[in-house]
Amino acid sequence: MDKRTKIIISLFVIVLLGIIVSEVIRPKPLNWKPSYTAADKIPFGCFVLYNELSSLFPERDLITVDKSLFEVLNKSSTTSSSYLMINNGIELDEQEYDQLLNYVSKGNEVFIASSYFGQYLSDTLKVKVQSSYTVREDTLKLTLTNSKFKEDTFFYTKGMYNRHFASVDTLNTDILGHMTFTKDIFFKNYNEVEKLQTAPNFIKVKFGNGSFYLNSTPLAFSNFYMLGGNQNYVANSLSYLANKNSIYWDDYKKSGRIIISSPMRFVLKQAPLKWAYYSTILGILLFFLFKTKREQRIIPIVEPLQNSSVEFAKTVGSLYYHHKDYTNLISKKLNYLLAHIRNKYYLEISTINDQTAKNLAVKSGKSLEETLALVSYIKHIKSKSNHSENDLVQLSKKISAFKK
């Protein structure tokens, strides 16, 4: 690794560490996103309410529901219980809707604080929710109709909108609370003042032997307003729940519900662990990047060209043999033998005689008798004009014996 690369890597590591340190030590921005979960301590979570339920209902069992209400109510045989659902919108599927209606008709209670109650439930209970459009965030005033709470007035500003009930089933519905808000008048004259409007935001709807309690201002039940002096509104609203047995707290139908099923969710949720995890991955990638640049590429194996001379000679010899051209084949074998003697023993044996045999015996290290026999057989073969297969076989044997 050269000096320039080391400097670049060092600067990169310093910058990365600086980013990590700044992210860890900087104040975490406040999360204003509505969550409504029991574990969230953010302004619009429901940590305070969930932990105060045991004080509000000291004689009742609190059951936290973290799965579909169909699964819970389908297995539950509890009667005279209450089911609490708080979220910015409640949307039930057909099975959940049927199970919830069956649960209430048996004499149980359902308390829903939401700005939207779903098409199925709204049609069945004959309620319609709407909001008057406004271009600004204004102060809302909430009151309860019960004579015990008539003197209490609660004011809300941040995040609250004038979501209220526009129509209800008057035969089965009781108005339990109202909302007062400023209605914007567009294209108004200078001498015209804004009008205050009051509409119901908290109702009770009878269904079978039980009741639905519907509240259109779910943020009133959040941490921000519970700790901001409006906790009595929540306590007074929930005091309508008269059943004596269990209270089901729905923690499934929530905007802030964690739906990540990965085992890494705890690591990714903690800022220090998350940065350590990402830094590790980045370090591994850099390691592989620089390691691959330093490694020499694999040199491909180039197979040498094969010497096919022997195979070619065998093929040609086989061709002559099958055509029974023994004379031509014997001539080529003799030429090959003479060339071998010239190249290896440096003897010119164009004339074959006894002297040639003696010289060849000395050079080759063979016995004189063996060499004379080979030379004599060569003279015999060369003297013939036609040759047989036996001549070729005998010549081959003698040449092979001489070369050993």
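Residues numbered from 1 in each chain as written. Predicted model: local features only at pLDDT ≥ 70, side-chain atom pairs only at ≥ 80, totals over all residues. Heavy atoms only, no water.

This part is about the environment of Leu338. Residue position: Leu338 is located in helix α11 (residues 326-345). For the pair Leu338 and Glu348, spaced 10 residues apart in the sequence, the C-alpha separation amounts to 8.3 Å. (Helix = DSSP H or I, 4+ residues; strand = E, 2+ residues; numbered from the N terminus.)

At their nearest, the axes of helix α13 (residues 368-383) and helix α14 (residues 389-403) sit 11 Å apart, and the two run at 150 degrees to each other. It follows that α13 is roughly antiparallel to α14 by the angle criterion. The handedness of the crossing between α13 and α14 comes out as left-handed. Packed against α13, whose contacting residues are Glu370, Leu374, Tyr377 and Ile381, the element α14 presents Asn390, Asp391, Gln394, Leu395, Lys398, Ala401 and Phe402 at the interface. (Axes fitted to C-alpha atoms, helices over the stretch in contact; angles between N-to-C directions. Parallel < 35°, antiparallel > 145°, perpendicular 65-115°, else oblique. Left-handed = near helix turned anticlockwise from the far one by under 90°. Contact = heavy atoms within 4.5 Å.)

Together, Leu268, Tyr277, Tyr278, Ile281 and Leu285 make up an exposed nonpolar region whose accessible area comes to about 440 Å². The biggest single contributor to the nonpolar patch is helix α9 (residues 271-294), with 4 residues. Within the secondary structure, Tyr278 is located in helix α9. Owing to a relative accessible area of 43%, Tyr278 belongs among the partly exposed residues under this scheme. (Patch = residues over 30% accessible without salt bridge, like charges linked within 9 Å, V, L, I, M, F, W, Y side chains within 5 Å. Areas by Shrake-Rupley, 256 points an atom, 1.4 Å probe, with all protein chains shown as cover. Salt bridge = Lys/Arg side-chain N within 4 Å of Asp/Glu carboxyl O. Buried < 20%, exposed > 50% of the residue type's maximum accessible area, 1.4 Å probe, protein only.)

With 15 residues, α14 extends 21 Å from end C-alpha to end C-alpha; this agrees with the ideal 21 Å at 1.5 Å per step. Where α14 is concerned, the buried positions are Asp391, Leu392, Leu395, Ile399 and Phe402. Down the axis of α14, the sector holding all buried residues measures 95 degrees, keeping them to one side. (Expected span 1.5 Å × (residues − 1). Arc of directions from axis to C-beta.)

Keep in mind that these numbers describe shape and distance, not what the molecule does.
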